[in-house]
Amino acid sequence: MIKQNEIKIKKGQILQRTGESNTKIYIVKSGLLRSYMIDQKGKEHVFLFSPEGWIMTDSTAINQPCRLFIDAIEDSEVYILEKGKEDKIELQKILNRLEALQDRVIMMMSSTALQRYQHFVETYPEIIQRVPQRMIASYLGITPEALSTIKRKKIENLNLD
């Protein structure tokens, strides 16, 4: 296995900014990362979350400007790999991440807000209480108010069963 650099990062610390050279792959040992973009109006759009054991990177070509910010939602420990030096073990993690991305894109194109929320809960059951509601809403492409409505309706439906 290729030697990896392990670093500790604090909650809120930015690992990557839009426009920086794209050379790193982050593997989360502990904690929680997110990737996001900020649109022209200054609104954040959460792209992905990466809890323990997940991988986080910007998928633009190596040494091209990044399109996403990556930061820590919690104090975290991550391994850093340089792009172009991945080995077969890390490649499998990347392939698993690509599968999750494909599922997310298909889900966003064809699902209701409730279905997207259910998919989030199934994909990230261990982080549902660790992520602020506004970030979950951003990830789902809905407002925080719409997320509250969905959660309330889901609880009401569970109570009817």
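Residues numbered from 1 in each chain as written. Predicted model: local features only at pLDDT ≥ 70, side-chain atom pairs only at ≥ 80, totals over all residues. Heavy atoms only, no water.

S.K.: Where do I start with empty space enclosed by the protein in this structure?
M.R.: Leftover empty space is mapped by rolling, across the atoms, a probe with the size of a water molecule. Summed over all chains, the structure comprises 1 cavity of 30 Å³ or more. The calculated volume of the largest cavity comes to roughly 40 Å³. If you go around the largest cavity, the residues you meet are Leu48, Ala100, Arg104, His119, Thr123, Tyr124 and Tyr139. Mapped by element, the contributors of at least two residues to the lining of the largest cavity are α1 (88-110) and α2 (113-123). Tallied by class, residues from the lining of the largest cavity come to 4 nonpolar, 2 polar and 1 charged. (1 Å grid on protein atoms, 1.4 Å probe; cavity = no way out; pocket = protein on both sides within 12 Å on 5 of 7 lines; lining within 4 Å. Points joined across faces, edges and corners; volume = space filled by probe spheres on them. Helix = DSSP H or I, 4+ residues; strand = E, 2+ residues; numbered from the N terminus. Nonpolar A, V, L, I, M, F, W, Y, C, P; charged D, E, K, R; others polar.)

S.K.: Looking at this structure, how should I read the sheet that holds strand β6 (residues 55-56)?
M.R.: Each strand in a sheet pairs with its neighbour through backbone hydrogen bonds, running either in the same direction (parallel) or in the opposite one (antiparallel). Pairing is antiparallel across the open sheet formed by 4 strands, whose spatial order is β1-β8-β3-β6. Among the strands making up the open sheet, the edge pair consists of β1 (5-9) and β6. In terms of strand pairing, strand β3 (residues 24-30) meets strand β8 (residues 76-82) through 6 bridges, oriented antiparallel. Counted as the bridge partner of Ile25 is Leu81 from β8. (Pairing = 2+ DSSP bridges.)

S.K.: How do you make sense of the environment of Val131 when you look at a structure like this?
M.R.: Relative to the elements of secondary structure, Val131 occurs in the loop between α2 and α3 (133-140). The exposure class of Val131 is buried, given its relative accessible area of 4%. It is 9.0 Å that separates the C-alpha atoms of Val131 and Glu74, two residues lying 57 residues apart in sequence. Among residues more than four places away in sequence, those in contact with Val131 are Leu32, Phe49 and Ile136. (Buried < 20%, exposed > 50% of the residue type's maximum accessible area, 1.4 Å probe, protein only. Contact = heavy atoms within 4.5 Å.)

S.K.: Help me understand the layout of surface pockets in this model?
M.R.: Taken as a whole, the largest pocket spans an internal volume of roughly 280 Å³. Along its surface, the largest pocket is lined by 17 residues, and Thr57, Asp58, Ser59, Leu98 and Leu101 are the ones closest to its centre. Of all elements in the fold, only β5 (44-50), β6 and α1 reach the threshold of two or more residues within the lining of the largest pocket. For the lining of the largest pocket, the element with the highest residue contribution is α1, accounting for 4 residues. Looking at the lining of the largest pocket, its residues break down into 9 nonpolar, 3 polar and 5 charged.

S.K.: Any chance you could explain the nonpolar core here in plain terms?
M.R.: Most often, soluble globular proteins keep nonpolar side chains buried together rather than apart. Residues Tyr26, Leu33, Phe49, Phe120 and Leu140 are the most contacted members of the largest nonpolar core, which totals 30 residues. For this core, the secondary-structure elements that each account for two or more residues are β3, β5, β7 (69-72), β8, α2, α3 and α4 (144-160). Of the residues forming this core, the biggest block, 5 residues, is contributed by α3. (Core = buried A, V, L, I, M, F, W, Y, C linked by side-chain atoms within 4.5 Å.)

S.K.: Teacher, can you tell me more about the side chain of Ser50 here?
M.R.: In this structure, Ser50 sits in strand β5. Of the polar contacts made by the side chain of Ser50, one reaches the backbone oxygen of Ile55; its length is 3.0 Å. Excluding residues that lie within four positions of it along the chain, Ser50 makes contacts with Val28, Gly31, Leu32, Leu33, Ile55, Met56 and Arg97. (Polar contact = N/O pair within 3.5 Å; in protein donor to acceptor, adjacent residues only side chain to side chain.)

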